[in-house]
Amino acid sequence: MITAILLLAQPAPPACVEERKAISEAAAAIETDYVLADVAERAADAIRTSLAAGQFDRHCKDPKAFADDATKKLRAILQDGHVFLDHAPESRKAGEYDWIEAWRNGAAANGFGVRQVERLKDKIAYLHLTGFYELEPAKAALAAAFELVKDSEGLILDLRNNPGGSDETEWPVQWTFMEKGSALPLHRENREGKLSDSSEPELPWVRYGSSRPLAILVDKSTFSAPEAVAYSLQAQGRAKIFGAPSGGGAHMLGEAVRLTGGWQVVIPEVRPYSPYTGGNWEGTGVIPDVRATRENARTEAAAWIREQVKEKGAVSEPETTP
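Computed from a predicted structure; not experimentally measured.

Below, the discussion takes up the packing of helix H6 (residues 135-149) against helix H7 (residues 167-175). Remark: H6 packs on H7, axes separated minimally by 9 Å, with the N-to-C direction vectors making an angle of 35 degrees. For the pair H6 and H7, the crossing hand works out as right-handed. Every residue of H7 that contacts H6 at Leu135, Glu136 and Leu142 is listed here: Glu168, Thr169 and Pro172. Across the contact of H6 with H7, the residue classes tally to three nonpolar, one polar and two charged.

Below, the discussion takes up the environment of Glu189. Positionally, Glu189 belongs in strand E5 (residues 187-190). Separated by 81 residues in the primary sequence, Glu189 and Val270 place their C-alpha atoms 5.7 Å from one another. Setting aside anything within four residues of it in sequence, one finds Glu189 in contact with Val35, Lys194, Leu195, Glu269, Val270, Arg271 and Tyr273.

Our next topic: the nonpolar core. With 39 residues, the main nonpolar core has Leu129, Leu157 and Ile216 as its most contacted residues. When contributions to this core are tallied by element, the ones reaching two or more residues are strand E3 (124-129), H6, strand E4 (154-158), H7, strand E7 (214-218) and helix H8 (225-235). For Leu129, the contacting residues outside a window of four places in its chain are Gly113, Val114, Leu142, Leu157, Asp158, Leu159, Arg160, Asn162 and Val173.

An order of E6-E5-E12-E9 is seen for the four strands of this open sheet, with the pairing classed as antiparallel. Of all the strands in the sheet, just strand E6 (193-194) and strand E9 (252-253) have a single pairing partner and so form its edges. Direction of pairing for E5 relative to strand E12 (residues 268-273): antiparallel, over a ladder of three bridges. When the bridges of E12 are listed, Glu189 appears paired with Arg271.

An ideal rise of 1.5 Å per residue puts 22 Å on 16 residues; helix H3 (residues 37-52) measures up with 23 Å between its terminal C-alpha atoms. All buried positions along H3 are accounted for by Val39, Ala40, Ala43, Ala44, Ile47, Ser50 and Leu51. For H3, the angular spread of buried residues about the axis comes to 130 degrees, placing them on one side. Those residues of H3 that are exposed and aimed more than 90 degrees away from the buried face are Arg42, Thr49 and Ala52. Against helix H2 (17-33) and helix H4 (63-78) lie the buried residues of H3.

Calculation rules
- Residues numbered from 1 in each chain as written.
- Predicted model: local features only at pLDDT ≥ 70, side-chain atom pairs only at ≥ 80, totals over all residues.
- Heavy atoms only, no water.
- Axes fitted to C-alpha atoms, helices over the stretch in contact; angles between N-to-C directions.
- Helix = DSSP H or I, 4+ residues; strand = E, 2+ residues; numbered from the N terminus.
- Left-handed = near helix turned anticlockwise from the far one by under 90°.
- Contact = heavy atoms within 4.5 Å.
- Nonpolar A, V, L, I, M, F, W, Y, C, P; charged D, E, K, R; others polar.
- Core = buried A, V, L, I, M, F, W, Y, C linked by side-chain atoms within 4.5 Å.
- Buried < 20%, exposed > 50% of the residue type's maximum accessible area, 1.4 Å probe, protein only.
- Pairing = 2+ DSSP bridges.
- Expected span 1.5 Å × (residues − 1).
- Arc of directions from axis to C-beta.

Listed below in structure tokens is the structure:
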């Protein structure tokens, strides 16, 4: 009886011990690895201050809720929508996280990112891409889509409701609208400086080329990889952008960093930039050339393409002698 009373009188173990340690380790990893060194130092200090104040102590008994809440706080502190905390105790190594497998498993059900292909009047094509899955499983669907639009006189590429995906697919998609041998449209750098450039890809589908008008639709739901396509082609003068500013996620993720208790943090470590502007879309999003509501963007894009085709036709018509 006395033993039982003594056991009951023992203080409860402090809450969030492993979670607090994981957040402390995440702050250290961000300070070391985040792509912008000055931001990383300030953010790490802010994370530690918030941690000491107990602001990360919610949902400690619910890993998913804790991960969601901590991710929201880390993104607010860093002002970067790519960083995230995840609970993956079964992962064999850093970089393997359950949500990526779930995303991959949904690829076929989501048409491998090809949502809609349509031929409008006046030989204008419309292509809606809602994700960039990894290239090998997605290339057949993308090849079929580009085959269907290849003979149009102009294309509307809709990148709304596209939260991102794989750069191995994003890269050839933007080259679809460029000529072979063009200058590289994006470079990359980390804290140490410029990284080696990605080479021009061999396209696994038909090239649309650079001579026909291209209108791209974006809004807040356009994030990360599709922003790279829109920003790059806009910066080159290849495409006209319609809609509203996109989500503003330019930075590229590194490998997951393993933390105490089966937690891991994934940190943006690379910054892409355009040789045409010297900058990127981080925080600002891709800014449209023509602001348009969600309902009107496609209509306005089609009207612009028709005008471009009309002007091109007028210029190319041979002069006739009276």
